[in-house]
Amino acid sequence: AVVSTQSGHYGRGCSTVCMSQNGEVIAVCDGEKTRVYNIRADKVILELDRPRTMLVALSPYNTHVITWKQYVVDENTPANTPNVEVWSISEPQDTPVYSYVKRSQVQWELLWTEDEKYCARLCNAEVQFFLNNDFTKVESRIQRDKIGGVFVPPGTNPYHVALYVPSIKGSHAFVQLYCYGAFEKTAAIANRSFAKVDSVDIKFNKTGKYGIIMAANDVDKSGTSYYGQTLLYFISTRGESNQIILDKNGPVYSAQWNPSRDEFIILYGFMPCKAAVYNTKCDVIHNFGENHYNEILFNPQGNMVGLCGFGNLRGKMKFYDTTTKKMLSEFTASDTTYFEWAPSGDIFITGTLSPRLRQDNEFKIWNVKGKILHHHRVDKDVQLWQLKWVNSPTVLPAPPIPAPLTSKEIAAAKPQAYRPPSSRSGGPQATRKLIDHGSNLPNVNDGVYKPHSGNQVSKQALKNQRKRENRAANKATDAATTDSKDFQAAVVDEREKKLKNLKKKKVPTATLR
């Protein structure tokens, strides 16, 4: 594989790529070496000779890079050899500044706060915290019997930490939200317990004050869904912990916060699913209706949102103004497996990527009204694996919102029911005519052959015409003969009826003469 940007190419045969939050640094792994590039300066700022590296991550301020490789034990690698390494970018060294063992890829990396003051590491039944990237000592700890996940919300002082503790020996699982430093069990700001849950994910808003807990079960015991069951809960730093009530049964496809407002959208229910907007009181403030969606995509400024159906759906997209909730456009991007807004917030990119689809890999750049600004197809023997906009250091000003669709445009975009030709405007369609543009094809009108005027007709055509005329004459003769026979039979039947009536009355036969 090849990694390339507008400034140039960054390696061949790469296995993974990671871009920094401000778009200045990119890390590329090729299976043999890991290189960190400064995109703007177009130079290598760090090169690590680490074979078999599979995952890479960058800290928020680009001071450190983390690499992960498969944990193995062999003749050259003894047991408990660290497979996760933390390297300094700002002060390059020959050895990692920190390393540890993490066998799974679930929460393998360190979790930093936005200002890199604290970072957290999950290790089995303990969460360790480090201060100011000093990995020589542990600043603070959270210890439980078992920990399934740790979440660091965005935002700065006061810092918060969310903890997920799975079920142990039939006890309830729970999620607890703490203020950093006060990690006693009784010091939790908010607490939410679950009877049974297999996995938990928490999505916080831009400020980190509110979060949506997505508690999922792999098996739905009610038997109503093949995809298991997902329950949603609302949690906040004010101590709130409420269940979000959904008015339609079925799976939860997506839940996303608006980057600029304290509101979120949920896609839920069996297809066609419902799309609704909720406030921080968990009340529905707007309903977008039902359609085939599975993705919620806000632009970085939060003034526009796209409701889309990708993957096993047809790629239908609808865009709305998040303030007025009016529809801006509706169109389809077939075979889309990837979507991302540009930092400007007024255009976006869609792609057909491997390994989901290995044929016809391509990407397109669109505007919100559905106009394709750029279309690039890769060669048939080339596969496109990943796309990414270069991030902006800051959130750019909100782009102007295009005019919403009129009622006529919305009605025209809706699929129309089938109407037979006889019920359409203009009546039934006439039989098609074969137009002659100087050819010797015969004229056809209502199924009857009509020879060209002034053109010589073939013998076979004349023979067929005579057959049709004879057939029509025979039909007319047969019809006339049938009518005569019917009349005679009717007269005979009438005389027989009169004879039967006279016999009943015993009238002499001579009177009939």
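Anything mentioned here points back to the structure above.
Scope of this entry: the structure provided in the associated data block. (Residues numbered from 1 in each chain as written. Predicted model: local features only at pLDDT ≥ 70, side-chain atom pairs only at ≥ 80, totals over all residues. Heavy atoms only, no water.)

1. Some details on the state of the cysteines
By the definition in use, this model includes zero disulfides. A disulfide-free cysteine, Cys 18 has its sulfur positioned 9.1 Å from the sulfur of Cys 29, the nearest such atom. We classify Cys 18 as buried; its relative accessible area is 16%. (Disulfide = S-S within 2.5 Å. Buried < 20%, exposed > 50% of the residue type's maximum accessible area, 1.4 Å probe, protein only.)

2. A closer look at unusual backbone geometry
Here the amide bond leading from Asn 157 into Pro 158 is cis, since omega sits at 0°, within 30 degrees of zero. By the element assignment, Pro 158 lies in the loop between strand E15 (149-151) and strand E16 (160-165). At Asp 42, a position not held by glycine, the phi torsion is positive, near 55°. Following the sequence through the fold, Asp 42 ends up in the loop between strand E5 (34-38) and strand E6 (43-48). Residue Asp 42 is classed as partly exposed on the basis of its relative accessible area of 44%. (Helix = DSSP H or I, 4+ residues; strand = E, 2+ residues; numbered from the N terminus.)

3. As for the sheet that holds strand E22 (residues 241-243)
Spatially, E19-E20-E21-E22 is the arrangement adopted by the four strands of the open sheet, whose pairing is antiparallel. Strand pairing shows two members of the sheet lacking a second neighbour, strand E19 (199-204) and E22, which therefore form its edges. Ignoring which end each strand starts from, the neighbouring axes of this sheet average 25° apart. As paired strands, strand E21 (residues 229-236) and E22 are joined by three bridges and run antiparallel to one another. Bridge pairing in E22 places Tyr 233 opposite Gln 243. (Pairing = 2+ DSSP bridges. Axes fitted to C-alpha atoms, helices over the stretch in contact; angles between N-to-C directions.)

4. Regarding the sheet that holds strand E14 (residues 140-143)
Ordered in space as E11-E12-E13-E14, the four strands form an open sheet in which the pairing is antiparallel. Each edge of the sheet is formed by a strand with only one pairing partner; in this case those strands are strand E11 (111-112) and E14. Examined bridge by bridge, strand E12 (residues 118-123) and strand E13 (residues 126-131) share six bridges and lie antiparallel to one another. Within the sheet, the bridge partner assigned to Cys 123 lies in E13 and is Glu 126.

5. As for the pairing of strand E7 (residues 53-58)
Along any regular strand, the residues point their side chains to alternate faces of the sheet. As paired elements, E7 and strand E8 (residues 64-69) share five bridges and run antiparallel to each other. Bridge pairing in E8 links Val 56 to Thr 67. Joining the antiparallel neighbours E7 and E8 is a turn of five residues, in which Asn 62 adopts a positive phi near 60°.

6. Some remarks on the pattern of salt bridges
Going through the model one piece at a time under the given rule, you end up with 13 salt bridges. The partner of Arg 35 in a salt bridge is Asp 30, with the nearest N and O atoms 3.2 Å apart. The closest approach of N and O atoms between Glu 362 and Arg 377, which form a salt bridge, is 3.5 Å. Taken together, the residues span a long stretch of sequence, with Glu 362 in strand E33 (residues 362-367) and Arg 377 in strand E34 (residues 372-377) at a distance of 15 residues. If you follow the salt bridges from partner to partner, you end up with Asp 30, Lys 33, Arg 35 and Glu 47 in one network. (Salt bridge = Lys/Arg side-chain N within 4 Å of Asp/Glu carboxyl O.)

7. Points about the environment of Asp 247
Relative to the elements of secondary structure, Asp 247 occurs in the loop between E22 and strand E23 (252-257). The spatial distance from the C-alpha of Asp 247 to the C-alpha of Tyr 268 is 9.0 Å, given a sequence separation of 21 residues. Apart from the residues within four sequence positions on either side, Asp 247 is in contact with Tyr 268 and Lys 274. A polar side-chain atom of Asp 247 sits 2.7 Å from a polar atom in the side chain of Tyr 268. For Asp 247, the side chain forms a polar contact with the side chain of Lys 274, separated by 3.0 Å. (Contact = heavy atoms within 4.5 Å. Polar contact = N/O pair within 3.5 Å; in protein donor to acceptor, adjacent residues only side chain to side chain.)

8. Focus on the side chain of Asn 367
Topologically, Asn 367 is positioned in strand E33. In this structure the side chain of Asn 367 is engaged in a polar contact, spanning 2.8 Å, whose partner is the backbone nitrogen of Lys 371. Not counting chain neighbours up to four residues away, the residues in contact with Asn 367 comprise Phe 331, Asp 346, Ile 347, Phe 348 and Leu 373.

9. A few points about the environment of Tyr 178
Among the structural elements, Tyr 178 can be located in strand E17 (residues 173-179). Sequence separation between Tyr 178 and His 160 is 18 residues; the distance between their C-alpha atoms is 5.6 Å. Within the structure, Tyr 178 has its side chain in polar contact with the side chain of Gln 176 (distance 2.2 Å).

10. Looking at the packing of aromatic side chains
Here the structure, examined in full by the defined rule, presents 27 aromatic pairs. With a centroid separation of 5.3 Å and 20° between ring planes, the pair formed by Phe 331 and Trp 366 is classed as stacked. Remark: Trp 366 occurs in strand E33 and Phe 331 occurs in strand E30 (residues 327-332); sequence separation between them is 35 residues. The same class applies to Phe 331 and to Trp 366, which are both buried. Taken together, the ring pairs in this structure connect Phe 310, Phe 319, Phe 331, Phe 339, Trp 341, Phe 348 and Trp 366 into an aromatic cluster. (Phe/Tyr/Trp six-rings, centres within 6.5 Å; stacked < 30°, edge-to-face > 60°.)

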